[in-house]
Amino acid sequence: MKWNFFIALILGCLTLALHTLALSKSVLDIEPIIVAPPKNDISYDRQAILTAISKANAGGTIRFSKGTYYVGPFIAIEKPSLKLVGSAEGTTIKGCDIESFKNQEYAIFNCNGFELRSGNTHIEGLTFENAWHGLYLGCCFPRSIEEAEKGSSEQKLQLGGHIIESSLFKNSSNGIRVIGESAQRNIFKHNRFINTFHAIVINGSDAEITSNLIHAQNPEDIPVTGFAGGAIIIAPIPPAQTCGKNIISNNRIAGHSDGVVLHLFAPNSSCIGNEIINNTIVTEAESASVGIPIAVINSINESPANLSNTLIKENLINGGNGLGIEILNASDNRIIDNSINTIRKREPFPGDYVNSSNPVISGWEEYNGSGIWISRSSSLKKIKNNTFSDIENQSIVIEKPE
């Protein structure tokens, strides 16, 4: 009996030791991979990042050191479910020096951040600076003008499921661009976009864009253009044909020529069931562009295209040039509880950045300076409880069908 007790005790201790060893091993397995500190040298910095990626397991964490990493051409993230975290003391991912943007073609291919080719990447606490694209979600951006001229290598179907949060995008042409139709929704929350020409562009589907600050504080610092274009743009382009169910909510946008734009301009495309809710938008038009806080635009006249069932609700618009809300060739719109203030006429009309024959800005010359304009080719489900102040033309224009 005594020996049985001791044998059981020894076996129990051995089991506990093995369990502890296994637990220790599992803890080691999930320890983050640390990226070596940068040296502000593109060859060294790129290799430091690539080495960390090669060591990481799918589902693992890569933690960056303090400092500025020069990236140059895109670094592709192909392992699924990685988490990339910046240092608490600040980590910058820099495409290149701002002088490189003087050669626009060079900058397009050689001044970028990360290309997320796999799914479910989580990025938190990084700064992206001086990039043509800070983040490019999908596969695959051409690596040269020669490759681009051979035809697009962008894939229609993407895994998606990315979370980009608490990061900063600054002094760049594009903060985030999404291509293709995503199997899972992408989430962009609590980010800041400072001096970007476009903050977020979705050329496919679908995303939740919430609680971001988008501000062109010093537009002269925006590469190439020197002014800020559309802040958030949803526009499917080949290979994607559809977008829909994007949620754009609780964002603060200031200093861009356009705030939130839903736009169909590719034949046989559709964009259905998007929501623009509780955003605060102040646009500032340059002489070269329009200045519309919210625009829902279908530019396709000859081939099938469906832009419908858009909810525009509880947005605060403080300042616009031309119109507060534009609805063109779109159906079943719901425009509810918005506050629209200080809308001025677009002078000169329509501006020289977009050709005057483009339906994006033609058709409302008579109503230039109005709060809400609904084209005769559009339809409403509901328009109610919107308030207006300091509108230079009419508060609401609903054109009658011909």
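Model, not experiment: these values are computed from the prediction.

Caption draft 1: Molecular detail of the packing of aromatic side chains. Tallied over the full model, the rule gives 10 aromatic pairs. With centroids separated by 5.5 Å and ring planes inclined at 80 degrees, the aromatic side chains of Phe-64 and Tyr-69 adopt a geometry described as edge-to-face. With respect to burial, Phe-64 and Tyr-69 carry one shared label: buried. Between Tyr-136 and Phe-141 the ring centres are 5.2 Å apart and the planes differ by 75 degrees, which places this aromatic pair in the edge-to-face class. By relative accessible area, which is 0% here, Tyr-136 ends up buried. In this structure an aromatic cluster arises from ring pairing among Phe-64, Tyr-69, Phe-114, Phe-128, Phe-169 and Phe-193. Above the plane of the ring of Tyr-44 lies Lys-39, whose end atom (NZ or CZ) is 4.4 Å from the centre.

Caption draft 2: Geometry of the sheet that holds strand β21 (residues 270–272). Here three strands make up an open sheet; going across it, the order is β17-β21-β25 and the pairing parallel. What marks the edges here is a single partner per strand, and that holds for β17 (242–244) and β25 (306–308). Taking each pair of neighbouring strands and ignoring which way they run, the sheet shows an average axis angle of 15 degrees. Where β17 and β21 come together, three bridges link them in parallel fashion. Across the sheet, residue Gly-244 finds its bridge partner in β21, namely Ile-272.

Caption draft 3: Just helix α2 (residues 42–55), in detail. With 14 residues, α2 ought to run about 20 Å at 1.5 Å a step, and its terminal C-alpha atoms sit 20 Å apart, in line with that. Residues Asp-45, Arg-46, Ala-48, Ile-49, Ala-52 and Ile-53 constitute the buried set of α2. The buried residues of α2 occupy one face: seen down the axis, they fall within an arc of 155 degrees. Exposed positions of α2 whose direction lies more than 90 degrees from the buried face are Ser-43, Ser-54 and Lys-55. Of the surrounding secondary structure, the elements contacted by the buried residues of α2 are β1 (33–34), β2 (61–63), β3 (67–70), β4 (75–77) and β7 (112–116).

Caption draft 4: Just the state of the cysteines, in detail. Following the criterion strictly, the structure yields three disulfides and no others. Each sulfur in the disulfide pair Cys-139 and Cys-140 lies 1.5 Å from the other. Note that Cys-243 is cross-linked by a disulfide to Cys-271, the S-S spacing being 1.7 Å. Between Cys-243 and Cys-271, the disulfide has an S-S torsion of -110 degrees and is therefore left-handed. Taken together, the residues span a long stretch of sequence, with Cys-243 in strand β17 and Cys-271 in strand β21 at a distance of 28 residues. Like Cys-243, the residue Cys-271 is buried in the burial classification. Each disulfide of the chain joins two cysteines, and with those cysteines numbered along the sequence the arrangement is 1-2, 3-4, 5-6.

About the criteria used
- Residues numbered from 1 in each chain as written.
- Predicted model: local features only at pLDDT ≥ 70, side-chain atom pairs only at ≥ 80, totals over all residues.
- Heavy atoms only, no water.
- Phe/Tyr/Trp six-rings, centres within 6.5 Å; stacked < 30°, edge-to-face > 60°.
- Buried < 20%, exposed > 50% of the residue type's maximum accessible area, 1.4 Å probe, protein only.
- Lys NZ or Arg CZ within 6 Å of the ring centre and 35° of its normal.
- Pairing = 2+ DSSP bridges.
- Helix = DSSP H or I, 4+ residues; strand = E, 2+ residues; numbered from the N terminus.
- Axes fitted to C-alpha atoms, helices over the stretch in contact; angles between N-to-C directions.
- Expected span 1.5 Å × (residues − 1).
- Arc of directions from axis to C-beta.
- Contact = heavy atoms within 4.5 Å.
- Disulfide = S-S within 2.5 Å.

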